[in-house]
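Structural description and commentary
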Amino acid sequence: MRILKAENYEDMSKKAANIIAAQVTLKPECVLGLATGSTPIGTYDVLTEKYNQGELDFGGVSTVNLDEYKGLDRENDQSYYYFMHKHLFDRVNIDKSRTNVPNGMEPDADKECRRYEELIASLGGVDMQLLGLGHNGHIGFNEPADAFDKETHCVDLTESTIEANKRFFASAEDVPRQAYTMGIKTIMQAKRILVVVNGEEKADIVAKAFFGEVTPQVPASILQLHPDVTVVADAAALSKIPE
């Protein structure tokens, strides 16, 4: 695991975007695993800037997103489909038919999870997976549990995750209670993993996830066992890691 220290959020975003840009440049037809949430927005902004400056071509790239709320349609401005189009897909020259997000409107969880796993396999797997880090150590929507969930599945969101996400909705009651998410095994099968983290409020979980024991109670801790993980975090998020 490589840990790159950034000065602040802007610097973190630039460093992460440079890593993704290098992946796209070296393999123009790569498969990118993408994440949502507030943390990667700056990274998507920098990637868009690189595209606008003629430094980056997304024409051959395919993408698979980590997760989607169950029960939100694509036009809902809190769906992750909407998020990705707003922050990246509609801003660069990516082929929309090659972008993939779980279908939150599919009521049959087994059917949708099976479809998504087969889709990822058909693409040859993920070359680089971008991840954020939840306050409770979740990656995707893989919440603390007694065991690591393996493949794409439907998850009941914890109260802490609902609390963290309610700022995006009119009220906590409007936050969906379930989501489709790639499982730990699916994430760990990515050839490379890039984690972006910022803010002092993430300092405790950064120390626990990347320097503590590997346990399903801290889902991100499994990343310690992956052969190619890069964590890009600002100074505040790294303020409690061991010397």
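The text that follows walks through the structure, step by step, so that each part is easy to find. (Residues numbered from 1 in each chain as written. Predicted model: local features only at pLDDT ≥ 70, side-chain atom pairs only at ≥ 80, totals over all residues. Heavy atoms only, no water.)

Quick look at the pairing of strand 8 (residues 178-181)
Taken together, the 3 bridges between strand 4 (residues 67-69) and strand 8 define a ladder with antiparallel strand orientation. Residue pairing in the sheet places Tyr-69 in a bridge with Ala-179 of strand 8. With 4 bridges connecting them, strand 7 (residues 153-156) and strand 8 associate as antiparallel partners. Directly across from Asp-156, in strand 8, lies its bridge partner Gln-178. (Pairing = 2+ DSSP bridges. Helix = DSSP H or I, 4+ residues; strand = E, 2+ residues; numbered from the N terminus.)

Some words on the environment of Pro-28
Along the chain, Pro-28 falls in the loop between helix 1 (9-26) and strand 2 (31-34). For Pro-28, a relative accessible area of 46% translates into the label partly exposed. A sequence separation of 34 residues divides Pro-28 from Ser-62, and the C-alpha atoms of the two residues are 9.5 Å apart. Filtering out sequence-adjacent residues up to four positions away, Pro-28 remains in contact with Gly-60 and Val-61. (Buried < 20%, exposed > 50% of the residue type's maximum accessible area, 1.4 Å probe, protein only. Contact = heavy atoms within 4.5 Å.)

Some points on the nonpolar core
The tendency in soluble globular proteins is for nonpolar side chains to be buried side by side. One finds Leu-47, Val-195 and Leu-223 to be the most contacted residues of the largest nonpolar core, which totals 60 residues. If you tally residues by element for this core, the top one is helix 1, at 7 residues. With residues near it in sequence (within four places) discarded, Leu-47 still touches Ala-17, Ile-20, Ala-21, Leu-56, Phe-58 and Leu-88. Core analysis: the next-biggest nonpolar cluster, separate from the first, contains 10 residues, Tyr-69, Tyr-80, Phe-141 and Leu-157 among them. (Core = buried A, V, L, I, M, F, W, Y, C linked by side-chain atoms within 4.5 Å.)

Some remarks on the packing of aromatic side chains
For the structure on display, the rule yields 4 aromatic pairs. When the centroid spacing of 4.9 Å and the interplanar angle of 35° are considered together, the rings of Tyr-69 and Tyr-80 count as tilted. You can see Tyr-69 sitting in strand 4 and its partner Tyr-80 sitting in helix 3 (residues 80-89), a full 11 residues away along the chain. Overall, the relative accessible area of 2% leaves Tyr-69 in the buried class. (Phe/Tyr/Trp six-rings, centres within 6.5 Å; stacked < 30°, edge-to-face > 60°.)

Thoughts on the pattern of salt bridges
Any two side chains of opposite charge can pair, on the condition that their charged atoms come close. Going through the model one piece at a time under the given rule, you end up with 14 salt bridges. The shortest N-O distance in the salt bridge between Arg-192 and Asp-228 comes to 3.7 Å. Taken together, the residues span a long stretch of sequence, with Arg-192 in strand 9 (residues 192-197) and Asp-228 in the loop between helix 7 (203-211) and strand 10 (229-234) at a distance of 36 residues. Because the salt bridges share partners, they merge into one network encompassing Lys-27, Asp-127 and Lys-191. (Salt bridge = Lys/Arg side-chain N within 4 Å of Asp/Glu carboxyl O.)

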